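This is what each chain is made of:
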Amino acid sequence: MISKISEGVQISVETFYQDEYSHPVNSEYMFAYRITIENHNHFSVKLLRRHWFIYDSNGQNREVEGEGVVGMQPVLESGKQFQYVSGCNLKTEIGRMQGTYLMENLNSLTTFIVKIPPFQMVAPFKNN
């Protein structure tokens, strides 16, 4: 698990290779990732947007941006956490993701950026 605290918000990431949804013969590799967001601030925060950078080991890069995560814009009170699972497809068995969340301080109504730490996605058969 990878974990980082940025602007008082801790982001932890776990990745999982999705063998049943992958087709190596067609260069299709599917990964799931579980993100846990913990608010260590003394104020509530709302996750407004996500911005991802996805790097495939064949040199292809993608950028994904949008509102919220998994169709939601969760509010996290001080000391609370939110967890979700999403996925990423790659053309190779190794890749990397990193990004940011745009958050809002619900006391001051100001926005701030929380960094999502870089994490790798590696098919288990590449570890040997």
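Refer to the structure printed above.
Residues numbered from 1 in each chain as written. Predicted model: local features only at pLDDT ≥ 70, side-chain atom pairs only at ≥ 80, totals over all residues. Heavy atoms only, no water.

Brief notes about the sheet that holds strand β2 (residues 9-17)
To keep it simple, the criterion reads: Note: two strands are recorded as paired if DSSP finds a minimum of 2 bridges between them. Per the convention used, a helix needs a DSSP run of H or I reaching at least four residues, while a strand needs a run of E reaching at least two, with both numbered from the N terminus. Helix axes are fitted to C-alpha atoms over the stretch in contact, other axes to C-alpha atoms as well, and angles between N-to-C directions run from 0 to 180 degrees.
Across the sheet, four strands lie side by side as β1-β2-β3-β7; this open sheet has antiparallel pairing. Looking along the sheet, the strands with just one partner apiece sit at the ends: β1 (2-6) and β7 (81-90). For this sheet, the mean angle separating the axes of adjacent strands, direction not counted, is 20°.

Points about the pattern of salt bridges
Definition in use: The term salt bridge refers to a side-chain nitrogen of Lys or Arg lying within 4 Å of a carboxyl oxygen of Asp or Glu. Three labels apply to residues, based on accessible area from a 1.4 Å probe with only protein chains included: buried if under 20% of the type maximum, exposed if over 50%, partly exposed otherwise in between.
One pass over the full model with this rule turns up one salt bridge. The partner of Arg34 in a salt bridge is Glu14, and the shortest N-O contact between them spans 3.0 Å. In this pair, Arg34 sits in strand β3 (residues 29-39) while Glu14 sits in strand β2, placing the two residues 20 residues apart along the sequence. Classification of Arg34 as partly exposed rests on a relative accessible area of 26%.

A short note on the pairing of strand β8 (residues 94-105)
Relative to β8, strand β4 (residues 45-56) runs antiparallel, the two being bridged by eleven bridges. Directly across from Val45, in β8, lies its bridge partner Asn105. Counting the residues between successive antiparallel strands, the hairpin from β8 to strand β9 (residues 111-122) contains five residues, one of them, Leu109, with a positive phi of roughly 60°.

What about the packing of aromatic side chains?
Formally: Centre distance within 6.5 Å is the pairing criterion for rings of Phe, Tyr and Trp, where only the six-membered ring of Trp is used; planes under 30 degrees apart are then read as stacked, over 60 as edge-to-face, and the remainder as tilted. Two conditions define a charge sitting above a ring: the NZ of Lys or the CZ of Arg must be within 6 Å of the ring centre, and it must be within 35 degrees of the ring normal.
Using the criterion set out here, one finds seven aromatic pairs in the structure. Here a set of aromatic residues connected by ring pairs shows up, and it is made of Tyr33, Trp52, Tyr101 and Phe119. Over the ring of Tyr55 we find Arg96, and its NZ or CZ is 4.1 Å from the ring centre.

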